[in-house]
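Observations on the three-dimensional arrangement
Each chain, letter by letter, is given below.
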Amino acid sequence: MGGIGDIFWLFLILSLLQPIVRQKLLEAGRMRLIRRIERERNHRVIVLIHRQETMSLLGFPVMRYIDINDAEEVIRAIQMTDPGLPIDLVLHTPGGLVLASLQIARALKAHEGKVTVFVPHYAMSGGTLIALAADEIVMDPHAVLGPVDPQLGEYPAASLVRVVRQKNINEVDDRTLILADIAEKALEQIRREVLELLPESIPHDRAQQIAEKLTQGTWTHDHPISFAEAKEMGLPVCEKMPREFYELMELFPQPVRGQASVQYIPVPYGPAPTPRGNGR
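Structural notes, computed from the coordinates. Just so you know, these numbers come straight off a predicted model, no measurement behind them.

Examining the sheet that holds strand 5 (residues 115-119)
Ordered by their spatial adjacency, five strands build an open sheet running 1-4-5-7-11, and the pairing between neighbours is parallel. Here the strands that pair on one side only, and so sit at the sheet edges, are strand 1 (44-49) and strand 11 (237-238). Contacts between helix 2 (residues 68-79) and the sheet are confined to strand 1 and strand 4 (87-92), with strand 1 contributing the most and set at about 175° to the helix.

Overview of the environment of L97
Positionally, L97 belongs in the loop between strand 4 and helix 3 (98-110). Look at L97 and you get partly exposed, because its relative accessible area is 38%. Taking C-alpha positions, L97 is 5.9 Å from I66, a pair spaced 31 residues apart along the chain. With residues near it in sequence (within four places) discarded, L97 still touches Y65, I66, D67 and I68.

Description of unusual backbone geometry
Working note: non-glycine residues mostly have negative phi, and peptide bonds are mostly trans. Despite not being glycine, N42 shows a phi value in the positive range, around 55°. You can see N42 is positioned in the loop between helix 1 (2-41) and strand 1. Since its relative accessible area comes to 56%, N42 is described here as exposed. A positive phi angle is found at S125, which is not glycine, with a value near 50°. By relative accessible area, S125 is classed as buried at 14%.

Some points on the nonpolar core
With 48 residues, the main nonpolar core has L108, M139 and L235 as its most contacted residues. Excluding residues within four positions of it along the chain, L235 makes contact with L132, L145, L198, I210 and A230. One finds I34, F118, Y246 and L248 within the second-largest nonpolar core, a separate group that totals 15 residues.

Remarks on the pattern of salt bridges
Two side chains that carry opposite charge are able to pair once their charged atoms sit near each other. Throughout the structure, instances matching the rule amount to 12 salt bridges. A salt bridge links R36 to E247, with the shortest nitrogen-to-oxygen separation between them at 3.2 Å. On the criterion of sequence distance, the pair formed by R36 in helix 1 and E247 in helix 9 (residues 243-250) is long-range, its members being 211 residues apart. Taking relative accessible area as the criterion, E247 reaches 26% and is therefore assigned partly exposed.

Basis of the calculations
- Residues numbered from 1 in each chain as written.
- Predicted model: local features only at pLDDT ≥ 70, side-chain atom pairs only at ≥ 80, totals over all residues.
- Heavy atoms only, no water.
- Pairing = 2+ DSSP bridges.
- Helix = DSSP H or I, 4+ residues; strand = E, 2+ residues; numbered from the N terminus.
- Contact = heavy atoms within 4.5 Å.
- Axes fitted to C-alpha atoms, helices over the stretch in contact; angles between N-to-C directions.
- Buried < 20%, exposed > 50% of the residue type's maximum accessible area, 1.4 Å probe, protein only.
- Core = buried A, V, L, I, M, F, W, Y, C linked by side-chain atoms within 4.5 Å.
- Salt bridge = Lys/Arg side-chain N within 4 Å of Asp/Glu carboxyl O.

Rendered as structure tokens:
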């Protein structure tokens, strides 16, 4: 009985340690790959990737987003970088706090060296605000950006302003009028901020059009702006994504519960071999 009990406790300890060991191995792999990319490109590499994380012990899923802690860490990394050294920022996020996103974007904008933002899959809302500060945005051909129009709780700011303008002022309740006033301020603020962040290489008239389209409620807030749309808009986008950045994304896996919904053999496949003749 003692032998079975010892095996049980050993199994339990190993089961508890396995996630910790796996996480440490992932972190070590990330650092090695980041360092290799930095040596090959002679750039500083900063990674801002948000996945759905799991809280320890309780196991509740928590959606990560850009917050003040992210802003502090990214700004610290920029401050630790020589002013003339190029920066590569790998960005994968649903968005987050405007304050934090704007702080990161302004710090990137102020950096003297070239700033390149890499978007392997998506950078929505606040993520797009950060990307606008880059000299170049490298997107996967299927990656997307998103509008940066402000949201007041559950309501888009642009929609609040339009509704109030279309109605008789006496038919609108005080709360809606106050929200519309705040919304109007928010729309003007974000428009100015986008103009501040866009590269000087973009002509002034074009920059005005980009700011208007991204901030004034042209689309719904979750509209995916494709590479083609971003290029047509006049953003400095490129679709030549280095393979190393896909490899880096693989080291930030989404937690899987139960059976995986997508499965494939994880090796590159080339063109189908040419059939051999039958000797006739």
